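Chain by chain, the residues run as shown.
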Amino acid sequence: MAYFLQQLVNGLALGAIYALIAIGYTMVYGIVGMINFAHGEIFMIGAFISLIGFLVLGALGITWVPLALLLVLLLAMGFTAVYGWTVERIAYRPLRGSFRLAPLISAIGMSIFLQNYVLLIQGAHEKTLPPVISGGFVLMQSGGFAVQVSWLQLIIVGVTLALMAAFTAMIQLTPLGRAQRATEQDMTMAALLGIDVDRTISLTFVIGAALAAVAGLMVTMQYGVIDFFIGFLAGVKAFTAAVLGGIGSLPGAVLGGLLIGLIEAFWSGYFPSEYKDVAVFAVLILVLMFRPSGLLGRPEVEKV
Amino acid sequence: MGWAPRLKDAALAALVAFALALPLAGFQTADTGQGFTTRFDWVAIAAGAAFAGKLLLGLVPRRFHLRQRAARRTALPENQAMPIAGAALVAFAVLLPVLPFSSRALVDLATVALIYVMLGWGLNIVVGLAGLLNLGYAAFYAVGAYSFALAAHWYGLTFWEMLPLAGLLAAVSGILLGLPVLRLRGDYLAIVTLGFGEIVRIVLNNWSPVTGGPNGVNDVPRPTFFGMPIAARAPEGVTTFNDFFHLAYNPMQRVMFLYYVCLAAALVINWFSLRIRRLPVGRAWEALREDEIACRALGLNPTTIKLSAFAISAMIGGFAGVFFAARAGFVSPESFNFQESATILAIVVLGGMGSQLGIVLAGVVLATLPEFGRDLAQFRMLFFGAAMVAIMIWRPRGFFSTRAPSVRLDPP
């Protein structure tokens, strides 16, 4: 029971990180109908910028944890957002209205480019960061097994839920959210009604990248080890989360992210952990086979 | 446009480049420990380059803009030179091992290039003709390579016995993957194939008792000449190729033999792909690529048509895998990761989806690039990623695209 609870805690913290990345996939898919394959690399870049942010702040003598954390969060979100914006501007915007596979191939090219770009300028070695926030508390004790919850895990879940609430409010209440929903429904009509479609799409990418940067920061703090290749697997898993929850649906992305995190944690806890990625990929294939619209998504209608 | 808005544009580009370069290029983290070094000169160079580049681009008259031109003309027209170029290329490939500058390393490299060309042609059937994006093609390559290596290791089967069997196994794996997922939309299908590719790699990596785990299989036999090994000495009771023809043994012969077998297989695959495009099933692939709903309205069954493309493409990948295993003499899971799938996809995209000749050129360039030095090899994937984006923007049909329709209403 205690072991089960421990896996639950770990799975929720991991799932919250996937959920943050999945929101980026699901928003972009909702609005332009393409899989932003480079989103996993944006997350990886966010992780690198967070790591560098901590190192630079440390060198500048800013070591008070709450201040350092806030600064790194803002810096990582800001700089990563520029990457998200640039990727959209260079690789996707010129392809609107091109043939069906063009944006996807372009996205794969961008993903390969960004991965190798970071490999070349930062090196292939794993980069480490000593724990920024340590400690935690014991949730319960049973049969000599203590269920640990770290402060960091609490922060991760808390930040995810707060951001999720903030973005749902933004999409429901602000003019930008209204423009996004209109663009999602019909790009041409939205443009005719005076919505700057290009700007709306750019902002969607910027927001997605900023959220991925938060996920990158969380991973850097939680695991303390990053390298240029982490974006690939995290990207595929977050995409699986988005599909599981129903692509295009924001609450779906969070639900899917948490479920994927739980599946991974429980699989690692009870089955050979080398196959935990296989479990996630199998979930992806099964969901697409039996319920392509996901748990909370709307079924897709094919139009001629 | 006056100078003021141009300068403003350029300044904006410089600002973006500055923001992109500052965190990642400006600070390099140390490989060990928590140190870092600063490289602000790189940031300045990036910002300066963006400023100058944007300013110069703004000076180019609008009618010379690449995208404007690409809109009018999607690809080079197919011309009469293509068949001649193809024939010249085949003649060169046949003569390559006996040319004066040829060496063992060069022929070996040419074999690698041929394997990549075969993979490109195989993937092209699915991506270029049927319009289905497969991001896990290396899985079929792995099925071919591993089925040969494992059958040889555990059951002592030979290259010639396993070549058709491995192709068959790869085709079956293609059907097994395709059956459940081919109903899916294009981009979902792409992600599922990616997942499948990773599953195959992870299983090969971890199922150690059978596959040897990360170490792979080491004792893959070489192809024989009608049962006669090409070797200096043979086990008891076996005549070697060299004894039979009274030739002195030379390691070059073995490399040359594999090269010619590979070349023959590649030519057969090429001939097969060109022919099948003109059969009803090949035409159905291309029709499906253009409009699935129209195809269904005409009574074509999209699932069986897609399945046939998947199976044939997988089979070619399986053949290429057998050649890969026979050339290297060993197989390990790391040869079949996503990077490999992406490389093969890059060959197809750069060569022009649907173009046999373009894929040859792209495959040869891609296979030989690492040989020009380690530095170039490091930049190889960076360049291919950028090239894939650039080609989608400027020449979405590829550099040498000859994706002419295989059937016309008004025959020329």
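Residue numbers run consecutively from 1 along every chain, following the written order of its sequence. Throughout, the order in which chains and ligands are written sets their labels, letters from A for the former and numbers from 1 for the latter. Predicted model: local features are reported for residues with pLDDT of at least 70 only, side-chain atom pairs are reported and counted for 80 or more only, and whole-chain, interface and lining totals are derived from all residues.

**Q** Looking at this model, I keep getting lost on the overall build of chain A. Mind explaining?
**A** In DSSP terms, a helix is any run of H or I states spanning at least four residues, a strand is any run of E spanning at least two, and both are numbered starting from the N terminus. Each helix and strand in chain A was counted, giving eleven helices and four strands. All radius of gyration figures rest on C-alpha atoms, and the globule criterion is 2.2 Å times the number of residues raised to 0.38. Rg of the C-alpha trace for chain A: 19 Å, near the compact-globule value of 19 Å for 304 residues, within the 12% margin. Judged by the C-alpha coordinates and their principal axes, chain A covers about 65 × 50 × 40 Å. Exposed residues have 12 or fewer other C-beta atoms within 10 Å of their own C-beta, buried residues have 20 or more, and residues in between are partly exposed; the C-beta atoms are placed from the backbone. Here chain A holds 304 residues, and 50% of them are scored as buried. Residues are scored as being in contact if the C-beta atoms we place from backbone atoms lie within 7 Å. Taking the intrachain contacts of chain A between residues at least 6 apart in sequence as the baseline, contacts between residues at least 24 apart amount to 76%.

**Q** How should I be thinking about the overall build of chain B in this particular structure?
**A** Within chain B, the secondary structure is distributed over 17 helices and two strands. A burial count over chain B gives 44% of its 412 residues as buried. Long-range pairs, those at least 24 residues apart, make up 77% of the contacts in chain B with a sequence separation of at least 6.

**Q** Is there a simple way to think about the interface of chain B and chain A in this case?
**A** A common way to state how big an interface is: give the accessible area lost once the parts meet. Facing the 46 residues of chain B at the interface are 53 residues of chain A. Those elements that provide at least two residues to the side of chain B that touches chain A are helix H1 (3-26), strand S1 (27-29), helix H7 (159-181), helix H8 (186-206), helix H15 (338-351) and helix H17 (374-394) of chain B. With twelve residues, the single largest contributor to the side of chain B that touches chain A is H8(B). Looking at the side of chain B that touches chain A, its residues break down into 33 nonpolar, nine polar and four charged. Residue type decides the class: Asp, Glu, Lys and Arg count as charged, Ala, Val, Leu, Ile, Met, Phe, Trp, Tyr, Cys and Pro as nonpolar, and the leftover types, Gly among them, as polar.

**Q** Just to check I follow, could you spell out the environment of Ala47(A) for this structure?
**A** Residues and elements named next belong to chain A. Residue position: Ala47 is located in helix H2 (residues 39-60). Judged by the 31 C-beta atoms lying within 10 Å of it, Ala47 is buried. Taking the C-alpha atoms as reference points, Ala47 and Gln122, separated by 75 residues in sequence, lie 12 Å from one another. When neighbours within four sequence positions are excluded, Ala47 is seen to be in contact with Gly216, Val219, Thr220, Ile226 and Ile230.

**Q** In this structure, what is going on with H15(B)? I would like to understand it.
**A** Side chains that are three or four residues apart share a direction in an α-helix, a result of its 3.6 residues per turn. Residue and element names in this part refer to chain B. Multiplying one less than the number of residues by 1.5 Å gives the expected span of a helix. A rise of 1.5 Å per residue sets the reference length of H15, with its 14 residues, at 20 Å; its end C-alpha atoms lie 20 Å apart and thus fit the reference within 8%. Within H15, twelve of the 14 residues are buried, which leaves it mostly tucked inside the rest of the structure. What H15 keeps buried is the set Phe338, Ser341, Ala342, Thr343, Ile344, Leu345, Ala346, Ile347, Val348, Val349, Leu350 and Gly351. Where H15 terminates, the next one or two residues include Gly352, which has phi positive at roughly 100°.

**Q** When you look at the environment of Met27(A) in this model, what are you seeing that I'm missing?
**A** Residues and elements named next belong to chain A. Mapped onto the secondary structure, Met27 falls in helix H1 (residues 2-32). The exposure class of Met27 is buried, given the 25 C-beta atoms found within 10 Å. Sequence separation between Met27 and Thr128 is 101 residues, and the spatial gap between their C-alpha atoms is 31 Å. Met27 has contacts with Thr204, Ile207 and Gly208, leaving out every residue within four places of it along the chain.

**Q** Would you explain the packing of helix H5 (residues 104-129) of chain B against helix H14 (residues 302-328) of chain B in this entry?
**A** Helices that pack against each other are described as a pair by the angle of their axes relative to one another and the distance between those axes. Residues and elements named next belong to chain B. A fitted line through C-alpha atoms represents every axis, and for helices the fit uses only the stretch in contact; the resulting angles, taken between N-to-C directions, go from 0 to 180 degrees. At their nearest, the axes of H5 and H14 sit 8 Å apart, and the two run at 170° to each other. Judged by the angle between their axes, H5 and H14 are roughly antiparallel. Facing H5, whose interface residues are Thr111, Ile115, Met118, Leu119, Trp121, Gly122, Leu123, Ile125, Val126 and Leu129, H14 presents Ala309, Phe310, Ile312, Ser313, Ile316, Gly317, Phe319, Ala320, Phe323, Phe324 and Arg327. Residues belonging to the contact of H5 with H14 are distributed by class as follows: 16 nonpolar, four polar and one charged. Between 65 and 115 degrees an angle is taken as roughly perpendicular, under 35 as roughly parallel, over 145 as roughly antiparallel, and anywhere else as oblique.

**Q** When you look at the pairing of strand S3 (residues 145-150) of chain A in this model, what are you seeing that I'm missing?
**A** Along any regular strand, the residues point their side chains to alternate faces of the sheet. Residue and element names in this part refer to chain A. In this analysis, strands are considered paired if DSSP registers two or more bridges between them. Bridge count between strand S2 (residues 136-142) and S3: six bridges; the pairing is antiparallel. By the bridge assignment, Phe137 is partnered in S3 with Val149. Here S2 hands over to S3 after two residues, with Gly143 in that stretch at a positive phi of 55°.

**Q** Help me out: how do you make sense of helix H8 (residues 197-223) of chain A in this one?
**A** Relative to the 39 Å expected for 27 residues at 1.5 Å per residue, H8(A) spans 39 Å between its end C-alpha atoms, a close match to the ideal helical length. A positive phi of about 75° marks Gly224(A), the residue just after H8(A).

**Q** Looking at this model, I keep getting lost on the domain arrangement of chain B. Mind explaining?
**A** Source of the domain bounds: an automatic or database domain assignment. When the domains of chain B are assigned, the result is domain 1 (1-28 + 40-54) and domain 2 (85-394). For domain 1 of chain B versus domain 2 of chain B, the distance between C-alpha centres works out to 43 Å.

**Q** It is not clear to me how the confidence of the model for chain B should be interpreted in this structure. Could you clarify?
**A** Detailed reading of the predicted model is not advised wherever pLDDT is low. All names here are of chain B. Note on scores: pLDDT gives the predictor's confidence for each residue, bounded by 0 and 100. Looking at chain B, the pLDDT average stands at 82 and 87% of residues meet or exceed 70. Ranking the helices and strands of chain B by mean pLDDT puts H14 first, with 93, and helix H3 (residues 66-72) last, with 49. Confidence drops under pLDDT 50 across residues 68-77; counting only partners more than four residues distant or on other chains, this segment forms 13 contacts. Our summary of model confidence lists the complex with pTM equal to 0.87 and ipTM equal to 0.86.

**Q** Just checking my understanding: could you explain the packing of helix H3 (residues 65-92) of chain A against helix H4 (residues 102-122) of chain A for this structure?
**A** Residues and elements named next belong to chain A. Where H3 meets H4, the axes come as close as 10 Å, and the angle between the chain directions of the two elements is 130°. It follows from the interaxial angle that H3 and H4 lie oblique. The handedness of the crossing between H3 and H4 is right-handed. On H4, the residues touching Val87, Ala91 and Tyr92 of H3 are Pro103, Ser106, Ala107 and Met110. Here the residues of the contact of H3 with H4 sort into six nonpolar, one polar and no charged. Handedness of a crossing is defined here by the sense of rotation of the near helix relative to the far one, left-handed for an anticlockwise turn of less than a right angle and right-handed for a clockwise turn.

**Q** Explain the environment of Phe228(A) to me, please; I cannot follow it from the model alone.
**A** Residue and element names in this part refer to chain A. Relative to the assigned elements, Phe228 resides in the loop between strand S4 (225-226) and helix H9 (230-245). A C-alpha to C-alpha distance of 8.4 Å links Phe228 and His125, two positions 103 residues apart in sequence. When residues no more than four places from it in sequence are discounted, the contact partners of Phe228 are Met44, Gln115, Val118, Leu119, Gln122 and Ala124.

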